[in-house]
Amino acid sequence: MGRGRAKAKQTKVARQLKYTNHNIDYDRLREELGADTRREEIYPPTPSEPESERGRG
């Protein structure tokens, strides 16, 4: 039965993590992780309409 204090501490820590502003610098994080900054290679642009419908007119 000693779970009350442990649960209360977990709840307190979870609440702090949820509501604390962490000010994350995403650009620096990308550099540290070695992520590619060019999004076009990761997510190629999609055409506005499928090619099979373009020929139909």
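Reading guide: rules and limits
Residues numbered from 1 in each chain as written. Predicted model: local features only at pLDDT ≥ 70, side-chain atom pairs only at ≥ 80, totals over all residues. Heavy atoms only, no water. Helix = DSSP H or I, 4+ residues; strand = E, 2+ residues; numbered from the N terminus. Buried < 20%, exposed > 50% of the residue type's maximum accessible area, 1.4 Å probe, protein only. Areas by Shrake-Rupley, 256 points an atom, 1.4 Å probe, with all protein chains shown as cover. Salt bridge = Lys/Arg side-chain N within 4 Å of Asp/Glu carboxyl O. Patch = residues over 30% accessible without salt bridge, like charges linked within 9 Å, V, L, I, M, F, W, Y side chains within 5 Å. pLDDT = per-residue confidence, 0-100.

(A) Region of interest: the overall build of the chain. A count of helices and strands for the chain gives four helices and zero strands. Residue burial in the chain is summarised as follows: out of 57 residues, 0% are buried. Counting every atom, the chain has about 6200 Å² of accessible surface; 50% of that belongs to carbon and sulfur.

(B) The pattern of salt bridges, seen in detail. For the structure on display, the rule yields two salt bridges. The partner of D27 in a salt bridge is R30, and the shortest N-O contact between them spans 2.8 Å. Within this pair, D27 and its partner R30 are both found in helix α2 (residues 26–33), separated by three residues, close to a single helical turn. What makes R30 partly exposed here is its relative accessible area of 38%. R28 is paired through a salt bridge with E32; the nearest N and O atoms lie 3.1 Å apart. Residue R28 and its partner E32 are both found in helix α2; the two are separated by four residues, about one turn of the helix. Note on accessibility: R28 and E32 belong to one class, exposed.

(C) Local environment of a nonpolar patch on the surface. A cluster of nonpolar side chains, I24, Y26, L29 and L33, forms an exposed patch at the surface whose accessible area comes to about 430 Å². As for its position among the elements, I24 is in the loop between α1 (3–19) and α2.

(D) Spotlight on α2. Across the eight residues of α2, zero count as buried, placing the element largely on the outside. Downstream of α2 by a residue or two, G34 has a phi angle that is positive, lying close to 75°.

(E) Region of interest: the confidence of the model for the chain. For the chain, per-residue confidence averages 77 on the pLDDT scale, and 65% of positions sit at 70 or higher. Across the chain, the element-wise mean pLDDT spans from 56 in helix α4 (residues 51–54) up to 92 in α1.

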